[in-house]
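Remarks on the overall topology
Given next are the chains, with one letter for each unit.
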Amino acid sequence: MEGSIHYFVDQTINGLTLGAIYGLIAIGYTLVYGIIGMINFAHGEIFMIGSFLAFFVFLGLGLSGITWVPLAILCALVVTMMLTPVYGWTLERVAYRPLRGSPRLAALITAIGMSIFLQNYVQLLQGARPRPLQPVISGGIELMRTVTPDGSPYVVGLSYLQLLIIVLTVALMTVFTLVITRTPLGRAQRACEQDRDMAALIGVNVDRTISLTFVMGAALASVAGLIFVMNYGVIDFFIGFLAGIKAFTAAVLGGIGSLPGAMLGGLLIGLIEAFWSGYFTVEYKDVAAFSILVLVLIFRPTGLLGKPDIEKV
Amino acid sequence: MSAQAAPLAAEQALLSVEHLTMRFGGLVAIDDVSFAARDREITAIIGPNGAGKTTVFNCLTGFYKPTVGRLGLSHPQKGVMLLEQMEGFRIAQQAGVARTFQNIRLFAKMTVLENLIVAQHNHLMRASGYTVLGLFGLGVYRHAEKDAVDKARYWLDRIHLTDKADWDAGNLPYGDQRRLEIARAMCIDPILLCLDEPAAGLNPRESHELNELLQFIRDEHKIGVLLIEHDMSVVMEISDHIIVLDYGRKISDGDPDFVRNDPNVIRAYLGEEEEEELPPEVAQDLSSRTDGGPEGRDDS
Amino acid sequence: MAEITANSRLAAAKGRLDTVAMLKEAGLTALVMFALTVGLVGFEVRDIPGGLALFTRFDDVAVAVLLGFFGRMALFLLREGHPRPVAIIGGPLVLLLVLVLAADVWFTGAGDVAASESIRSWLPFNSIIVVWVIAIISVFIAARAILAIRRASSTVTVEEREARADHVAAQVQKIGRYVGPALLAFALLYPFLPFVNRQLLDISVLVVTYMMLGWGLNIVVGLAGLLDLGYVAFYAVGAYSYALLGTKLDMSFWVCLPFAGFMAATAGVILGFPVLRLRGDYLAIVTLGFGEMIRVILLNWYDVTRGPDGISNIPRPSFFGLPFTRRPPEGTESFHTFFGLEYTPVDRLIFLYYLILAMAMITNLFTMRIRKLPVGRAWEALREDETACRSLGVNPTNTKLTAFGIGAMFGGFAGSFFATRQGFISPESFTFIESAVILAIVVLGGFGSQLGVIVAAILLIGLPEFFRELQQYRMLAFGAAMVLIMVWRPAGLLAHREPTIRLHPRSGPADKTAPQSAE
């Protein structure tokens, strides 16, 4: 079975779904790293909070008998995208802004501190137990059908959920690419990325630009959270950690600071994980992802799409 | 062109650069440059901004691998060493080529003295038995460290920083930092010292002191000095030999008098099309020199 | 926001209060608080028979919003130079809150649940954590108000604060020469002090273990400036090396100790070799990945590590071959029979305490010594400027590798101590959070400051352990403390670098003019 094209397609679809989640989170890392040069370690927790908020919406709507799926998803999308970015904004305002211009390590430590804080905050408020959610969307399109050697049918399908995830991700990434490349906000961001002092001198409101960067990153992460809840159906306070690390790995793999790089890195990490668990062992999928990261960094230290940096001396 | 002074023959040179070319992608930063620098001489590399001077240094000191070219250094004990084949830190460690940087690179949070001691790292490493013996506080290392301090003190006296030896290097005034960087480079006992714009940002008095320091290094320590400089008062006064680069190519090579009168150089600095690009002080400086000759100098 | 602030500054200059601006700012904060709390605080998912149910806690949300509103208002008043009303209204409130919380902690600590319950039922909030948050924020505001009244200005520039803190740290290091031995004497006498009980000794063993880890990591992060987020991997390698050798080959702790250190150092060098050319954050993420990889391998390599079940019955250390058992096997002696003492289980604890104290002191002495050797200076120079180092002939790769290897070695030593102390290890003990804690000790203490590690280890490990009753808030407070300390003092608590060598004796003529004020 494992040798068949069907199995391959199945794993590819899984990988793409996972990659969409990583890619959406990775954009937040890449944007923030690009603009203030720090690893926003707490970004994974933002994703986790987003998934909790989406979970509440789905649960609340389900309990109050509203079952029309498009409405539920729209509500969840609006609520998470409204509320989660406030966390991103607050995070920057409270923990990172006072440290601007301090040693990088100091900022990293606050970021880790914030990550620990948010994890425990959610754990205290919502309990440590994993929370299951009924599937929101069911059904799908049948792509291929075959028969396994023992005679049972093997169907390769693209579920409506996976379709929605892919459409949503592509739409969001398009919108954000346009925001970054075409709008005054995007220009301000790129200016701050190049030289913050100079940008301030020519009238860019640096604080506001940085705040908005965090807000954008958090909005995308919240969508990733929403997707995660719908796709996996179980969440707990700890999901942000591993997803965060993987997404950061994705951002580095793609070339940190590069928007298309983050998307590419996310997809690659998702595919690597899916194929590794599909063809080798599930247990070592994280090891595989990290090994590939190390290899890429050794041979191409600035990631796949990052600009090679020539040392200025 | 026929008037061009004969370039030094490679065999008598301390450093001979042959056909050096450096490309970054499509950009040719240095295009087939050959020159030589002699022992006990100050060789200046001048040229407009972006002429590729610092890139030559970066190739020499192993920060870039040249695309094409042979960089031969004739070491008095070890024979000819090919710098382009050596790893960055080995060029300083084994070939004895030291350098300073355009934007000063001191160890800012370490003291002045520590900066000078770090420069003697390889020697002290051996003396400390690669750390193992040093851990037990053996006498060998203590003697070596004392010698290292003495050497540092010698250079501190030279650059008038003895009183500030225990300051953090980052807290020194700008001019002191420049001199400290040179002293630090001298502490590795180089046979070739490469200075990247040592006079940048110095006031006239400091730049005069710098001249004396460089001449002292050349005459007393008997090593070759390679110098990138914009400040013509420094270049013309102390250089024994000048190489002019423009757009990555060598356009002139000879002693100060020759270069000063070389039409190629005058065109490169004062050429009609490029006049706007030239920093006004350089233009003024250069024209006063080409017209007035050596008497036009102001040695303040 | 910026315009509002500018306007209000203007108003303050004229000596009156811009009420509109104040309300605007407070209102905005209240709105943010609402958005932050409405989801996670406002709703709670609980298991009920037959599924999940949503419960609401909107009263807590309301509290948070009000807190945001009035807290911001107080801060606004402070900033605009009206500290008095804040102090007058806020002071008693803070006092009351602190008293309530103190009573709560007291009763919980004493195990009097009923009393603590009755106190909590007085409070208008569902969860005590809300009270904690309010208390912390109001203490902060009140402290600023009082400071503002005393100094007639509520703001200190960052530079002033930093300079002052550096001065304090320098003073601390200056008296460090006397404090160090005094601390050591105290540490040596510690187990026999009258107030030290079993629990306290146990906590101390843990604190000293983290001190050792902190000193070990300090070599890598503080001196060489290499950001290592996977230090726990070496701790794990050390622990498993000893656990496996001890249980499978019956080798004694003392034989295994050097081997564990060697294994950890080797792991450090193997990891370091390919990745040390990476800079800063890339290195951080790769080391983090490496830490996770080691944990995943430990979890899944069941044949050797027994996976999540862990390794148990790890041999306890012996005192020169004398075990600390009540009844030694026939024909052998144990510690208490040999010395003719009454058997007490505390003996072993005291022995463990001295063991880790000795190991930690060796780490400390080693670090202080190596700082003054060429390799130590090269580490610091690399941290400052790698390019300059290369231009001086310092081999960056080898130098970094030694730092990485030596740091890892001490991690390995500490790991094997951990294994022998616990008698049982499993991958659970080697999660990322451990790496974060050790790194936090180093950074909070102040880069490269040996004394800072002691202070930070006591603050971060000792205090929370001591308040184990508040177990569930421990990590929350831990995270918050990391943020607050860094925001308050980005360079760390006791960050002051002492030169490794001086030309002029201390307080010589040239020293008076020295650092800080130059430029």
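Residues numbered from 1 in each chain as written. Chains lettered and ligands numbered in written order. Predicted model: local features only at pLDDT ≥ 70, side-chain atom pairs only at ≥ 80, totals over all residues. Heavy atoms only, no water.

1. Looking at the overall build of chain C
Within chain C one finds 20 helices and two strands. When burial is assessed residue by residue, chain C has 53% of its 519 residues classed as buried. Restricting to contacts in chain C with at least 6 residues of sequence separation, those with at least 24 account for 73%. Of the accessible surface of chain C, which amounts to about 23800 Å², a share of 67% is contributed by carbon and sulfur atoms. (Helix = DSSP H or I, 4+ residues; strand = E, 2+ residues; numbered from the N terminus. Buried < 20%, exposed > 50% of the residue type's maximum accessible area, 1.4 Å probe, protein only. Contact = heavy atoms within 4.5 Å. Areas by Shrake-Rupley, 256 points an atom, 1.4 Å probe, with all protein chains shown as cover.)

2. A short note on helix H2 (residues 88-95) of chain B
Gly88(B), Phe89(B), Ile91(B), Ala92(B) and Ala95(B) are the residues of H2(B) that are buried. Looking one or two residues past H2(B), Gly96(B) carries a phi angle of roughly 75 degrees, positive in sign.

3. Topic: the environment of Phe339(C)
All names here are of chain C. By the element assignment, Phe339 lies in the loop between helix H13 (335-338) and helix H14 (346-371). When its relative accessible area of 42% is taken as the criterion, Phe339 is described as partly exposed. Here Phe339 is in contact with Phe319 and Leu322, once residues within four sequence places are set aside.

4. Observations concerning the packing of aromatic side chains
On inspection of all chains with the given rule, the structure shows 32 aromatic pairs over all chains. Ring geometry for Phe228(A) and Tyr232(A): centres 4.9 Å apart, planes at 35 degrees, overall tilted. On the criterion of helical spacing, the pair formed by Phe228(A) and Tyr232(A) is a turn pair, its members being four residues apart in helix H8 (residues 206-232). Exposure remark for Phe228(A): the relative accessible area of 16% places this residue in the buried category. Since its relative accessible area comes to 40%, Tyr232(A) is described here as partly exposed. Taking 6.1 Å as the distance between ring centres and 80 degrees as the angle between the ring planes, the aromatic pair formed by Phe234(C) and Phe404(C) counts as edge-to-face. (Phe/Tyr/Trp six-rings, centres within 6.5 Å; stacked < 30°, edge-to-face > 60°.)

5. Thoughts on the side chain of Glu380(C)
Turning to its location among the elements, Glu380(C) is positioned in helix H15 (residues 374-384). Judged by relative accessible area, Glu380(C) falls into the buried class, the value being 2%.

6. Quick word on the pairing of strand S1 (residues 15-24) of chain B
Residue and element names in this part refer to chain B. Relative to strand S2 (residues 27-37), S1 is paired through seven bridges, and the arrangement is antiparallel. Bridge pairing in S2 places Phe24 opposite Leu27. Hairpin connection of S1 to S2: two residues between the antiparallel strands, including Gly25 at a positive phi of 60 degrees. Across five bridges, S1 lies against strand S4 (residues 68-75) in antiparallel orientation. Residue pairing across strands places Val17 opposite Leu71, the latter belonging to S4. (Pairing = 2+ DSSP bridges.)

7. Re the sheet that holds strand S5 (residues 79-82) of chain B
As a general point, the strands of a sheet are linked pairwise by backbone hydrogen bonds and lie either parallel or antiparallel. Residue and element names in this part refer to chain B. On the basis of which strands lie adjacent, the open sheet formed by four strands has the order S2-S1-S4-S5 and antiparallel pairing. A single partner strand is all that each edge strand has here, and the edge strands are S2 and S5. Mean inter-strand twist for the sheet, computed between neighbouring axes without regard to direction, equals 25 degrees. Packed onto the sheet, helix H1 (residues 53-60) meets S1, S2 and S4 and runs at close to 110 degrees relative to S1. (Axes fitted to C-alpha atoms, helices over the stretch in contact; angles between N-to-C directions.)

8. Observations concerning the confidence of the model for chain B
Residues and elements named next belong to chain B. Residues with a pLDDT of 70 or more make up 82% of chain B, whose mean pLDDT is 79. Confidence drops under a pLDDT of 50 for residues 1-10, and excluding neighbours within four residues, the segment shows 14 contacts in the predicted structure. Here residues 290-300 scores under 50 on pLDDT; set against residues more than four positions off or in separate chains, the count is 12 contacts. (pLDDT = per-residue confidence, 0-100.)

9. Observations concerning the interface of chain C and chain A
Every contact between the two is made by 57 residues of chain C and, on the other side, 62 residues of chain A. The contact between chain C and chain A buries some 5400 Å² in all, and 79% of this surface belongs to carbon and sulfur atoms. It is Leu40(C), Asp281(C) and Tyr282(C) that lose the most area in chain C upon contact with chain A, and together they represent 14% of the buried surface on that side. If you look at where chain C meets chain A, you find zero salt bridges. Across the contact surface, chain C and chain A share six residue pairs in polar contact (both at pLDDT 80 or more). Counting only elements with at least two residues in the side of chain C that touches chain A, the list comes to helix H2 (19-38), strand S1 (43-48), strand S2 (51-56), helix H10 (253-275), helix H11 (280-300), helix H16 (386-391), helix H18 (432-445) and helix H20 (471-488) of chain C. (Buried area = accessible area lost by both parts, 1.4 Å probe. Salt bridge = Lys/Arg side-chain N within 4 Å of Asp/Glu carboxyl O. Polar contact = N/O pair within 3.5 Å; in protein donor to acceptor, adjacent residues only side chain to side chain.)

10. Structural notes on a nonpolar patch on the surface
All names here are of chain A. A cluster of nonpolar residues, Ile141, Leu143, Tyr160, Leu163 and Val167, forms a patch on the protein surface that exposes about 430 Å² of accessible area. Of all the secondary structure elements, the ones that give two or more residues to the nonpolar patch are strand S2 (140-147) and helix H5 (160-182). Turning to its location among the elements, Leu163 is positioned in helix H5. (Patch = residues over 30% accessible without salt bridge, like charges linked within 9 Å, V, L, I, M, F, W, Y side chains within 5 Å.)

11. Description of the nonpolar core
Proteins that are soluble and globular tend to have nonpolar side chains buried together. Phe58(A), Ile112(A), Ile217(B) and Ile425(C) are the most contacted members of the largest nonpolar core, which has 304 residues in total. Here this core takes 17 residues from helix H8 (residues 198-223) of chain C, the largest share from any one element. Look past the residues within four positions of Ile112(A) in its chain and what remains in contact with it is Phe41(A), Leu229(C), Phe432(C), Ala436(C), Leu439(C) and Met482(C). One finds Ala37(B), Cys59(B), Met81(B) and Ala95(B) within the second-largest nonpolar core, a separate group that totals 32 residues. (Core = buried A, V, L, I, M, F, W, Y, C linked by side-chain atoms within 4.5 Å.)

12. Details of the side chain of Thr420(C)
Topologically, Thr420(C) is positioned in helix H17 (residues 396-422). In contact with Thr420(C), not counting residues within four places along its chain, are Tyr242(C), Phe253(C), Pro315(C), Arg316(C) and Pro317(C).

13. Some words on the confidence of the model for chain C
Residues and elements named next belong to chain C. Averaged over all residues, the pLDDT of chain C is 78; the fraction at 70 or higher stands at 80%. When mean pLDDT is compared element by element in chain C, H17 scores highest at 90, while helix H1 (residues 2-13) scores lowest at 48. A low-confidence stretch, residues 1-8 (pLDDT under 50), is modelled with 12 contacts involving residues beyond four sequence positions or located in other chains. Counted against residues more than four places away or in other chains, residues 508-519, with its pLDDT under 50, gives 17 contacts.

14. Digging into the environment of Glu197(B)
All names here are of chain B. Mapping Glu197 onto the fold places it in the loop between strand S7 (192-196) and helix H8 (204-221). Judged by relative accessible area, which is 9%, Glu197 ranks as buried. Between the alpha carbons of Glu197 and Ile46 there is a distance of 9.9 Å; along the sequence they are 151 residues apart. Sequence-distant contacts of Glu197, that is, excluding residues within four places in its chain, are made with Gln102, Arg178, Ile228, Glu229 and His230.

15. Comments concerning helix H9 (residues 239-254) of chain A
An α-helix turns once per 3.6 residues; consequently, residues spaced three or four apart project the same way. Residue and element names in this part refer to chain A. Between its first and last C-alpha atoms H9 spans 23 Å; for 16 residues at 1.5 Å apiece the expected length is 22 Å, and the two agree. For H9, a buried count of 15 out of 16 residues is recorded, marking the element as mostly surrounded by other parts of the structure. One or two residues past the end of H9 sits Gly255, with phi positive at roughly 110 degrees. (Expected span 1.5 Å × (residues − 1).)

16. Some points on the packing of helix H2 (residues 43-63) of chain A against H9(A)
To describe two helices that pack against each other, one gives the angle between their axes and the distance between the axes. Residue and element names in this part refer to chain A. Between H2 and H9, the least distance of the axes is 7 Å, while the angle of their chain directions is 130 degrees. In this view, H2 runs oblique relative to H9, as classed from their interaxial angle. As H2 packs across H9, the resulting crossing turns out to be right-handed. In this structure, H2 contributes Gly44, Glu45, Phe47, Met48 and Ser51 to the contact, and H9 contributes Ile239, Gly240, Phe241, Ala243 and Gly244. Looking at the contact of H2 with H9 residue by residue, the class counts come to five nonpolar, four polar and one charged. (Parallel < 35°, antiparallel > 145°, perpendicular 65-115°, else oblique. Left-handed = near helix turned anticlockwise from the far one by under 90°. Nonpolar A, V, L, I, M, F, W, Y, C, P; charged D, E, K, R; others polar.)

17. Quick look at the pattern of salt bridges
All names here are of chain B. All chains considered together, the criterion is met by 30 salt bridges over all chains. Close ionic contact of Arg99 with Asp196 constitutes a salt bridge, the shortest N to O distance being 3.8 Å. Here Arg99 is found in strand S6 (residues 97-99), whereas its partner Asp196 is found in strand S7, with 97 residues between them in sequence. Two residues, Lys250 and Asp253, come together in a salt bridge whose shortest N-O distance is 2.9 Å. Residue class for Lys250 comes out partly exposed when judged on its relative accessible area of 26%.

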